[in-house]
Amino acid sequence: MSIPAIVIPSLRPEVLGAPFPGTELPELRTALAEVQRWIDSAEEPAEGGASRWHAWPDRPEFQPIYGPVSLNTGAAGIAWYSLAAADSTGDPEHTARARRAADFVVAHWREHIEDSSLNVPGIGLGHYGGLSGIASVFIELAERFPEYRPTAVALLDEILARTGRTGGRDFGWTGANGNLGDGGIIITLVDAARRLDEPRYLEAAVRAGEGILAEELQDEHGSYWHGVDAAALGIDFEIELDGFELGTIGIAYVLARLGAATGDERFTAAAARAADHAASQATLVGDAAVLARIGGTISFGYCTGSSGTIRSFLQVHRATGDGQYLEWALRFGRGILRSGVPGRQTPGNTNVYHQCCGSAAVLESFIGLWLETGDSLWLDAATAQGDDLLIRSVVDERGRRWYSESHVLPVGTLKAEVGHQVGASGIALSLLRLHDAVASAGGGAAFSTLRLPDDPFRAAV
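Fair warning: this is a prediction, and the values are worked out from it, not measured in the lab. (Residues numbered from 1 in each chain as written. Predicted model: local features only at pLDDT ≥ 70, side-chain atom pairs only at ≥ 80, totals over all residues. Heavy atoms only, no water.)

Here the focus is the overall build of the protein. Along the backbone of the protein there are 14 helices and 10 strands. Rg of the C-alpha trace for the protein: 21 Å, near the compact-globule value of 23 Å for 461 residues, within the 12% margin. Here the C-alpha coordinates of the protein stretch approximately 70 × 65 × 45 Å along the principal axes. With 461 residues in all, the protein has 61% of them scored as buried. Within the protein, residue pairs in contact and separated by at least 24 positions form 66% of the contacts whose partners lie at least 6 positions apart. About 16,900 Å² of surface is accessible on the protein, with carbon and sulfur atoms providing 53% of the total. Mean positive and mean negative side-chain charge positions of the protein (36 and 58 charges, respectively) differ by 2 Å. (Helix = DSSP H or I, 4+ residues; strand = E, 2+ residues; numbered from the N terminus. Rg over C-alpha atoms; globule rule 2.2 N^0.38 Å. Buried < 20%, exposed > 50% of the residue type's maximum accessible area, 1.4 Å probe, protein only. Contact = heavy atoms within 4.5 Å. Areas by Shrake-Rupley, 256 points an atom, 1.4 Å probe, with all protein chains shown as cover. Lys, Arg positive; Asp, Glu negative; His and termini not counted. Charge placed at Lys NZ, Arg CZ, Asp CG, Glu CD.)

On to helix α10 (residues 306-320), then. Helix length check: α10 (15 residues) gives 21 Å between terminal C-alpha atoms against 21 Å at 1.5 Å per residue, within 8%. Among the 15 residues of α10, 13 are classified as buried, and the element is accordingly described as predominantly covered. Gly 321, located one to two residues past α10, shows a positive phi value of around 75°. (Expected span 1.5 Å × (residues − 1).)

Where helix α2 (residues 75-89) meets helix α3 (residues 92-108), the closest approach of the two axes is 8 Å, and the angle between their N-to-C directions is 160°. One finds that α2 runs roughly antiparallel with respect to α3. The two elements α2 and α3 cross, and the hand of that crossing is left-handed. Here α2 contributes Ala 75, Ala 76, Ile 78, Ala 79, Ser 82, Leu 83, Ala 85, Ala 86 and Thr 89 to the contact with α3, which in turn contributes His 94, Thr 95, Arg 97, Ala 98, Ala 101, Ala 102, Phe 104 and Val 105. (Axes fitted to C-alpha atoms, helices over the stretch in contact; angles between N-to-C directions. Parallel < 35°, antiparallel > 145°, perpendicular 65-115°, else oblique. Left-handed = near helix turned anticlockwise from the far one by under 90°.)

Angle between the axes and distance between the axes are the two parameters that describe a pair of packed helices. Contact geometry for helix α8 (residues 248-262) and helix α9 (residues 265-280): axes closest at 7 Å, N-to-C directions at 155°. By the criterion of interaxial angle, the relationship of α8 to α9 is roughly antiparallel. For the pair α8 and α9, the crossing hand works out as left-handed. Every residue of α9 that contacts α8 at Thr 248, Ile 249, Ala 252, Leu 255, Ala 256, Leu 258, Gly 259 and Thr 262 is listed here: Phe 267, Thr 268, Ala 270, Ala 271, Ala 274, Ala 275 and Ala 278. In terms of residue class, the contact of α8 with α9 is made up of 11 nonpolar, four polar and no charged. (Nonpolar A, V, L, I, M, F, W, Y, C, P; charged D, E, K, R; others polar.)

Attention now goes to the environment of Val 7. Among the structural elements, Val 7 can be located in the segment before β1 (14-15). Residue classification places Val 7 among the exposed positions, given a relative accessible area of 70%. Residues Val 7 and Arg 338, 331 residues apart in the sequence, show an inter-C-alpha distance of 9.1 Å.

Judged by nonpolar contacts, the single largest core of 147 residues is most densely connected at Phe 138, Ile 186, Leu 189, Tyr 201, Phe 313 and Leu 431. Beyond its immediate sequence surroundings of up to four residues, Leu 189 is in contact with Leu 156, Leu 160, Trp 173, Tyr 201, Leu 202, Ala 204 and Ala 205. Core analysis: the next-biggest nonpolar cluster, separate from the first, contains five residues, Cys 303, Cys 356, Cys 357 and Val 422 among them. (Core = buried A, V, L, I, M, F, W, Y, C linked by side-chain atoms within 4.5 Å.)

The tally for this structure, following the rule as stated, stands at zero disulfides. Free cysteine: Cys 303, not disulfide-bonded; nearest cysteine sulfur from Cys 357 at 3.1 Å. (Disulfide = S-S within 2.5 Å.)

A word on unusual backbone geometry. Backbone geometry follows two general trends: most residues other than glycine have a negative phi, and most peptide bonds adopt the trans configuration. A cis geometry characterises the amide bond from Val 341 onward to Pro 342, with omega recorded as -5°. Counting through the fold element by element, Pro 342 comes out in the loop between α11 (323-338) and α12 (359-373). Non-glycine residue Asp 197 carries a positive phi angle of around 55°. Tracing the backbone shows Asp 197 in the loop between α6 (182-196) and α7 (199-213). In the Ramachandran plot, Asn 351 falls in the positive-phi region, its phi being about 65° despite a non-glycine side chain. Along the chain, Asn 351 falls in the loop between α11 and α12.

The next point concerns the pattern of salt bridges. Per the stated rule, a full pass over the model turns up 39 salt bridges. When the shortest N-O distance is used, the salt bridge between Arg 200 and Glu 198 registers 2.5 Å. Relative accessible area serves as the criterion here: at 30%, Arg 200 is assigned to the partly exposed category. When the shortest N-O distance is used, the salt bridge between Asp 287 and Arg 338 registers 2.8 Å. On the criterion of sequence distance, the pair formed by Asp 287 in the loop between β7 (283-285) and β8 (288-290) and Arg 338 in helix α11 is long-range, its members being 51 residues apart. Accessibility expressed as a relative area gives 19% for Asp 287, which makes it buried. According to the relative accessible area criterion, Arg 338 is partly exposed, its value standing at 33%. Because the salt bridges share partners, they merge into one network encompassing Asp 87, Glu 140, Glu 143, Arg 144, Asp 191, Arg 194 and Arg 195. (Salt bridge = Lys/Arg side-chain N within 4 Å of Asp/Glu carboxyl O.)

Under the defined criterion, the tally for this structure stands at 11 aromatic pairs. When the centroid spacing of 5.5 Å and the interplanar angle of 85° are considered together, the rings of Trp 56 and Phe 62 count as edge-to-face. Ring plane angle 80° and centroid distance 5.7 Å describe the contact between Phe 244 and Tyr 302, whose orientation is recorded as edge-to-face. Residue Phe 244 is found in the loop between β6 (222-224) and α8, and its partner Tyr 302 is found in the loop between β8 and α10; the two are separated by 58 residues along the sequence. These aromatic residues form a ring-pair network of at least three members: Tyr 128, Phe 244, Tyr 253 and Tyr 302. Looking at Arg 99, its charged tip hangs above the ring of Phe 145, at a distance of 4.3 Å from the centre. (Phe/Tyr/Trp six-rings, centres within 6.5 Å; stacked < 30°, edge-to-face > 60°. Lys NZ or Arg CZ within 6 Å of the ring centre and 35° of its normal.)

Here we come to the environment of Val 228. Tracing the sequence through the fold places Val 228 in the loop between β6 and α8. Placed 149 residues apart in sequence, Val 228 and Leu 377 show a C-alpha to C-alpha distance of 36 Å. Discounting residues that sit within four places of it in the chain, Val 228 has contacts with Val 120, Ala 176, Gly 178, Leu 180, Leu 241, Glu 245 and Leu 246.

Structure follows, in structure tokens:
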């Protein structure tokens with residue numbers, strides 16, 4: 001029996017050449033302006049012309065666990081999206097917003113080094129909730145505005161100065177190998193060494209990477225690495241966590257980044273072993289693949305789901321040159337499509353829309369696979385996924401937003417945050433990239449976007 005072709009549904013139904021009544025959706029530029037109203041509603045002026053952003057405009061007193069300056073929930077993430085929006089639109093107001101957010105971070109980042117958002121020592125240095133992610137934003141800022149370079153260097157040097165001081169190991173910073181911990185710091189340092197031309201950052205990344213290499217474990221599926229303790233997420237039984245932020249899938253990405261940056265076959269071969277471990281546990285159905293999470297549900301976000309697995313396999317493909325890993329990335333992409341996405345949410349994906357765990361991560365994957373392969377299937381899927389996000393949003397005079405939940409921290413409250421990782425600015429970034437991808441495919445300007453160190457997709461074509 002042959003495998004049926006994947007058909008992407010239209011979520012903008014028409015009859016006689018016009019939208020069917022009640023199904024109208026805005027054009028992406030209109031929707032992005034509405035999202036911007038919501039983000040702007042969270043801005044609060046601070047000292048010296050800087051601004052901070054309240055994480056959740058409905059409840060300004062709400063304090064996100066990653067705090068007010070982080071990439072995940074704070075001003076660094078606002079700056080990141082605003083730089084991308086400035087590049088796409090040419091509107092100087094986006095640049096001005098990015099600088100207001102950056103100036104707030106400059107004034108306050110040292111107050112948050114010791115933040116303890118999860119039960120992971122040294123997480124205040126991490127990529128998602130701490131100095132490493134902030135440094136990634138400031139590396140981009142420094143390329144445009146040299147006055148931000150000293151802050152980028154200070155952030156990174158603070159990380160280096162704290163090597164071995166927390167986490168219980170003489171290498172690294174957190175005692176956790178996953179991207180939520182040391183892995184995320186390593187990929188930031190690799191990127192910083194190249195872009196700032198500072199070899200000491202790569203040297204520090206290699207030392208930490210060698211420490212992780214030495215902790216290789218074996219089970220019936222082959223080689224794996226312990227990522228983050230389950231207890232850090234409040235899980236009170238022994239279980240090996242996996243996913244891009246938590247376990248071997250993300251560690252494969254880290255090792256592949258180190259291998260690509262250094263040419264050291266130890267890292268590249270280990271990355272392949274880690275990817276093989278993930279592949280051996282996948283459920284294959286025809287041309288598609290999925291991985292079960294804790295509890296048996298299937299997630300499609302990148303922190304613990306298929307989108308993160310796609311990122312990892314694509315980076316391993318880049319490092320090794322082995323086409324099987326690109327094919328695995330495509331299998332996981334087809335697994336999302338064959339589940340009925342776009343157009344439905346399966347168990348494990350309900351009410352999650354943001355970059356970390358949800359629909360925006362899926363949109364990023366579809367755009368990324370189109371950039372990688374040139375196959376129009378993926379751009380068609382991305383277009384429908386963007387429409388699905390619009391359908392699931394709320395819009396009124398305050399702006400467009402998404403009431404969403406996180407798999408990593410399931411507290412049972414749907415929140416319309418504004419941050420990059422779990423809020424409106426990250427969702428807006430994915431929609432912005434979709435707009436630019438569709439325009440490029442239609443003969444417009446070549447696609448170009450900024451990318452974080454945890455993002456392997458092409459920055460330009």
